[in-house]
Amino acid sequence: MSGRWLLPLFKRLNFEPTYLRGDVVLDEAGKLRYPLSHRGWPDDGPILHSVAPPQDLDARHGSGRGIKAQSPHDMLQAFLNASRDDGWAVLSNGIFLRLLRTYHHTFTQGYVQFDLEAICETRNYGDFRALYRMAHASRFVPQGEGREALPPLEQFYTDSLAADQTPLLDWRTPRGARSQTIRNRDLLRAIRALTLIEREGVLQRISYADLGVEELGSIYESLLEA
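Residues numbered from 1 in each chain as written. Predicted model: local features only at pLDDT ≥ 70, side-chain atom pairs only at ≥ 80, totals over all residues. Heavy atoms only, no water.

K.L.:
Hey, could you go over the overall build of the protein chain for me, with residue numbers and the actual values?
P.N.:
A tally of regular secondary structure across the protein chain gives seven helices and 10 strands. Relative to its full complement of 226 residues, the protein chain shows a buried share of 27%. Residue pairs at least 24 apart in sequence account for 41% of intrachain contacts in the protein chain once pairs closer than 6 positions are excluded. For the protein chain, the computed accessible surface area is about 16,200 Å², with 52% contributed by carbon and sulfur atoms. (Helix = DSSP H or I, 4+ residues; strand = E, 2+ residues; numbered from the N terminus. Buried < 20%, exposed > 50% of the residue type's maximum accessible area, 1.4 Å probe, protein only. Contact = heavy atoms within 4.5 Å. Areas by Shrake-Rupley, 256 points an atom, 1.4 Å probe, with all protein chains shown as cover.)

K.L.:
How would you summarise the packing of aromatic side chains if you had to cite specific residues and measurements?
P.N.:
For the structure shown, the criterion picks out six aromatic pairs. Seen from their ring centres, F10 and F15 are 6.1 Å apart, and the 85 degrees between their planes marks the pair as edge-to-face. F10 sits in the buried class, given a relative accessible area of 2%. With relative accessibility at 4%, the residue F15 sits in the buried group. One aromatic cluster is present, formed by F10, F15, W41 and F140 through successive ring pairs. Geometry around Y157 places R101 over its ring, the cationic atom sitting 3.9 Å from the centre. (Phe/Tyr/Trp six-rings, centres within 6.5 Å; stacked < 30°, edge-to-face > 60°. Lys NZ or Arg CZ within 6 Å of the ring centre and 35° of its normal.)

K.L.:
Outline unusual backbone geometry, listing residues and values.
P.N.:
For N14, which is not glycine, the phi torsion reads 75 degrees and is therefore positive. Secondary-structure assignment places N14 in the loop between α1 (2–12) and β1 (18–19). Since its relative accessible area comes to 52%, N14 is described here as exposed. The phi dihedral of D43 is positive, around 70 degrees, even though this residue is not glycine. Of note, D43 is situated in the loop between β4 (38–39) and β5 (47–50). What makes D43 exposed here is its relative accessible area of 75%.

K.L.:
Provide a residue-level description of the sheet that holds β4, including the pertinent values.
P.N.:
The strand order across the open sheet formed by six strands is β1-β4-β5-β6-β7-β8, and the pairing between neighbours is mixed. Single-partner strands in this sheet number two, and they are β1 and β8 (111–115). With two bridges joining them, β1 and β4 adopt antiparallel strand pairing. Bridge assignment links T18 to a residue of β4, and that residue is R39. Docked against the sheet, helix α4 (residues 125–135) engages β7 (96–101) and β8, running at close to 140 degrees with respect to β8. (Pairing = 2+ DSSP bridges. Axes fitted to C-alpha atoms, helices over the stretch in contact; angles between N-to-C directions.)

K.L.:
Give a description of the nonpolar core that names residues and reports values.
P.N.:
In this structure, F10, F15, V90, L97, L99 and F140 are the most contacted members of the largest nonpolar core, which totals 20 residues. Those elements that place two or more of their residues in this core are α1, β6 (88–92), β7, α3 (116–122) and α4. When residues in this core are grouped by element, the largest group, four residues, is from α1. If sequence neighbours within four positions are ignored, F140 has contacts with F15, W41, P46, W88, A89, V90, L99, M134, A135, P151 and L153. Counting residues in each nonpolar core, the second largest holds 15 residues, with L36, L57, M75 and F79 among its members. (Core = buried A, V, L, I, M, F, W, Y, C linked by side-chain atoms within 4.5 Å.)

Here it is, written out as structure tokens:
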């Protein structure tokens, strides 16, 4: 699958897929070893990690505790978090393609996913255009000079979280407006209330991706009434 489908796709996205013959090692002791498949181009290209189609990107390998026992997603995320030189990577099993970024979070995953199978079967040009624009090799090439150089993907990520794009999260208070503060303890309680639910004494995480329109509507109404 990798040679017949993913590698040609990566080449269409202007990558030069370079096979990694050995594990990528990040420390001198050799304890941080990651079995990754390709880089986007020789030496400093972004990781393009591909796995077999039947393999779930979130399924673990056996019951071990080492790096190689992690799911493809968790292993690649751990690599990005540990690497000083890699900020973005691509993960795919030929059915789904994910863009991953350095992301230090214990309970949730952060990624952008494209359904390659659905794009091909439905000939969805809009989704393909989004894939091409976000996953093209040029999006991973730093623009600028020195430490200020950022790849377009990182620039897009930074701009999307800028204060003028998220005014409700801006800590600065406009002149003449009443200062608004919240204690960390209260913020943590609010986040837990929105993400966890207790059932028969067991805390379970709420999957908003699986909620229907009516369920989301009832949540929105309850927030308005609060």
